[in-house]
Amino acid sequence: AECGTAGAVTLLLQSSLPLCCFPPRGSSGPVSTRLELCGGTDVSFAPPVDYARHVLLPVLHTLFGVQAKIDVKRRGFYPRGGGEIHVEVEAATAPLKPFHLVERGRITRICGVAVSR
């Protein structure tokens, strides 16, 4: 998907991810979906692509077994955009299981990512 601006690719990803995990019933298509999303990877008012890659996807994997990976091909910033990410999502093989989060857990690591234009 090419939004033509610096529109956030992570917002496109968040709206597409459930559809990629659960293809239509009776679909004989591929067991994985590949997306090429173009626009802003690091823009205001949206999660940066590194958040999606290092926080969102691991949490979705831990809680729901979602298998997905993001490959950042090119970063895009406001106002030009121009970023590109490739996403591969494996279709779910079973229904989602409920989860119950009652404890925050222990902090095991703190890391950062620095990006420059």
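So, here is what we can say about the structure in this document. (Residues numbered from 1 in each chain as written. Predicted model: local features only at pLDDT ≥ 70, side-chain atom pairs only at ≥ 80, totals over all residues. Heavy atoms only, no water.)

## Things to note about the overall build of the chain
Counting its secondary structure elements, the chain contains two helices and three strands. With respect to the three principal axes, the spread of C-alpha positions in the chain is 40 × 40 × 20 Å. For the chain, the residues scored as buried account for 31% of the 117 residues in total. In the chain, the share of contacts with a sequence separation of at least 24, taken over all contacts with a separation of at least 6, comes to 70%. Working note: accessible area of the chain is about 8400 Å², and carbon and sulfur atoms make up 56% of it. Averaging the positions of the 13 positive and the 9 negative side-chain charges in the chain gives two centres separated by 4 Å. (Helix = DSSP H or I, 4+ residues; strand = E, 2+ residues; numbered from the N terminus. Buried < 20%, exposed > 50% of the residue type's maximum accessible area, 1.4 Å probe, protein only. Contact = heavy atoms within 4.5 Å. Areas by Shrake-Rupley, 256 points an atom, 1.4 Å probe, with all protein chains shown as cover. Lys, Arg positive; Asp, Glu negative; His and termini not counted. Charge placed at Lys NZ, Arg CZ, Asp CG, Glu CD.)

## Observations concerning the nonpolar core
With 18 residues, the main nonpolar core has L13, L37, I70, I85 and V87 as its most contacted residues. Those elements that provide at least two residues to this core are α1 (9-21), β1 (32-39), α2 (49-64), β2 (68-74) and β3 (83-90). Excluding residues within four positions of it along the chain, L13 makes contact with L37, A52, I70 and V87. (Core = buried A, V, L, I, M, F, W, Y, C linked by side-chain atoms within 4.5 Å.)

## Remarks on the layout of surface pockets
Its volume calculated, the largest pocket comes out at about 360 Å³. Lining of the largest pocket is provided by 14 residues; of these, H54, V55, R109, I110 and C111 occupy positions nearest its centre. Here the lining of the largest pocket is composed, by residue class, of six nonpolar, four polar and four charged. (1 Å grid on protein atoms, 1.4 Å probe; cavity = no way out; pocket = protein on both sides within 12 Å on 5 of 7 lines; lining within 4 Å. Points joined across faces, edges and corners; volume = space filled by probe spheres on them. Nonpolar A, V, L, I, M, F, W, Y, C, P; charged D, E, K, R; others polar.)

## Points about the packing of α1 against α2
Two elements in contact, α1 and α2, have axes whose closest approach is 11 Å; the angle formed by their N-to-C orientations is 20 degrees. By the angle between their directions, the pair α1 and α2 is classed as roughly parallel. You can see that α1 and α2 cross each other, and the crossing is right-handed. Here T10, L13, Q14 and L17 of α1 lie close against α2, whose contacting residues are V49, A52, L56, L57 and L60. Split into classes, the residues belonging to the contact of α1 with α2 amount to seven nonpolar, two polar and no charged. (Axes fitted to C-alpha atoms, helices over the stretch in contact; angles between N-to-C directions. Parallel < 35°, antiparallel > 145°, perpendicular 65-115°, else oblique. Left-handed = near helix turned anticlockwise from the far one by under 90°.)

## Brief notes about unusual backbone geometry
For the bond running from Y78 to P79, omega is 5 degrees, close enough to zero to count as cis. Along the polypeptide, P79 turns up in the loop between β2 and β3. Positive phi values are uncommon outside glycine, yet F45 reaches one of about 65 degrees. Looking at the secondary structure, you find F45 in the loop between β1 and α2.

## What about a nonpolar patch on the surface?
Together, Y51, V55 and V59 line one region of the surface with nonpolar side chains, adding up to about 240 Å² of accessible area. Within the secondary structure, Y51 sits in helix α2. (Patch = residues over 30% accessible without salt bridge, like charges linked within 9 Å, V, L, I, M, F, W, Y side chains within 5 Å. Salt bridge = Lys/Arg side-chain N within 4 Å of Asp/Glu carboxyl O.)

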